[in-house]
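The residues making up each chain are set out below.
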Amino acid sequence: MIKADLHLHTRYSDGYNTVDEIIQKASQKNLTHIAITDHDNLVGSEEKLKKALAAGLKTVKSIEISSMDYVSGRVVHILGYNIKDEDPITRICDPIKQMRNDKALFQVKKLQDLGYIIDYEALYRFSGGYIFKQHIFDVLFQSGQVESMFPSINESLFRYPGSLYYKMKYIDARAAVEAVKDSGGYAVLAHPNQQSNIESVDRLIKHGLDGIELNHEANKKEYSAIIKEYAKKYRLFLTGGSDYHGAYARRKDDIGSYLSEESGLTIFE
């Protein structure tokens, strides 16, 4: 039986677990296919491929790109699968990574001004080189300065209009799809119900969109029917995955809790 979880995250972005731990968990769940889709970077791609294949898991070089549909004003995440040429991806994602680290530097400095003790360099022991707020919370939690991995300062300081709020300027979603296509890969709209952006498909299809993520915790039953209608209209394949972040996610869905539709296995061709 084919069991494919095509949406997983590691410490190379905002996932809690290492690549080895993700591979081990996938094997324990008897998965046959996986895709590690770290946010906005392909760091560790060869390691991911090598270790997955060694464990008997089929995989492809993958990514999740943060972007915006500037027509609707909605955030759009584009999953890129089976990336062959990294250059088109690197060109659009390097500025995002730099902005994310600039954001972390700003937030750490603000926290220090507020009396929190946090070493910016220590954050790299919790991440793969690109700092997300989850890494900041982890450092603060491990040192006993906040009450949990999801502290109250997330709402009071990090979210608008808190003093640590920092608005990221993401690339246009159409450019993200085009970069994936230029890389030789497949472009898929991730968890459309999470950002209420299914109407973006009407614009992204013109730029090469290949599929939509159907099976995901955020896609409720009534919304899944809408996704299927769009897929049928534009002849798109359907994927699925747990969007696993481990301890860095509030929800407790495990690896393999959501699996891809059979048509989503197109990404392995």
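I will try to describe carefully the structure that is included in this document. (Residues numbered from 1 in each chain as written. Predicted model: local features only at pLDDT ≥ 70, side-chain atom pairs only at ≥ 80, totals over all residues. Heavy atoms only, no water.)

Digging into the overall build of the chain
Short version of the rule: The way it works is that DSSP assigns letters per residue, a run of H or I at least four long becomes a helix, a run of E at least two long becomes a strand, and they are numbered from the N terminus. To get the radius of gyration, use the C-alpha atoms; to get the globule rule, take the number of residues to the power 0.38 and multiply by 2.2 Å. Burial status follows relative accessibility: with a 1.4 Å probe on protein chains alone, a residue under 20% of its type maximum counts as buried, one over 50% as exposed, and anything between as partly exposed. We call two residues in contact whenever any of their non-hydrogen atoms come within 4.5 Å of each other.
For the chain, the count of helices and strands is nine helices and nine strands. The C-alpha atoms of the chain give 18 Å as radius of gyration, which agrees with the globular expectation for 269 residues (18 Å, within 12%). Each of the three principal axes of the chain carries a C-alpha extent, and together these read 55 × 45 × 35 Å. Burial statistics for the chain: of 269 residues in total, 55% are counted as buried. If you take every contact in the chain between residues at least 6 apart in sequence, the share linking residues at least 24 apart comes to 72%.

Regarding the sheet that holds strand β3 (residues 58-59)
Spelled out, the test is: DSSP bridges decide pairing: two strands pair if at least two such bridges lie between them.
The parallel open sheet is built from three strands, whose spatial order is β1-β2-β3. Both edges of this open sheet fall to β1 (4-8) and β3, since each of them pairs with a single strand only. Taken together, the two bridges between strand β2 (residues 33-36) and β3 define a ladder with parallel strand orientation. Directly across from Ile34, in β3, lies its bridge partner Thr59.

Side note on the pattern of salt bridges
To be explicit about the condition: The rule for a salt bridge is simple: a side-chain nitrogen of Lys or Arg has to be within 4 Å of a carboxyl oxygen of Asp or Glu.
Considering all chains together, one arrives at 18 salt bridges under this definition. Between Asp172 and Arg174 there is a salt bridge, and its shortest N-O distance comes to 2.9 Å. Members of the salt-bridge network, linked through shared partners, are Glu217, Lys220, Asp243, Arg251 and Asp253.

Focus: the environment of Ala176
Position of Ala176 relative to the elements: it lies in helix α6 (residues 173-182). A residue is classified by how much of its surface remains accessible, and Ala176, at 0% relative accessible area, is buried. Note: C-alpha distance between Ala176 and Arg11 (165 residues apart in sequence) is 23 Å.

Notes on the layout of surface pockets
As a reminder, the rule being used: Here the term cavity refers to a set of points on a 1 Å grid, laid over the protein atoms alone, in which a 1.4 Å probe fits but cannot get out; the term pocket refers to an open set having protein on both sides within 12 Å along at least five of seven lines, with lining residues being those that place an atom within 4 Å of a point. Grid points are joined across faces, edges and corners, and a volume is the space filled by probe spheres set on the points. Three classes are used, and their members are as follows: Ala, Val, Leu, Ile, Met, Phe, Trp, Tyr, Cys and Pro are nonpolar, Asp, Glu, Lys and Arg are charged, and the others, Gly among them, are polar.
The computed volume of the largest pocket comes to approximately 1,300 Å³. Among the elements of the structure, β4 (62-69), β5 (74-81), α3 (87-113), α4 (133-142), α5 (153-158) and α7 (192-195) are those that each provide at least two residues to the lining of the largest pocket. In terms of residue count, α3 provides more of the lining of the largest pocket than any other element does, four residues in total. For the lining of the largest pocket, the class distribution of residues is 16 nonpolar, eleven polar and 13 charged.

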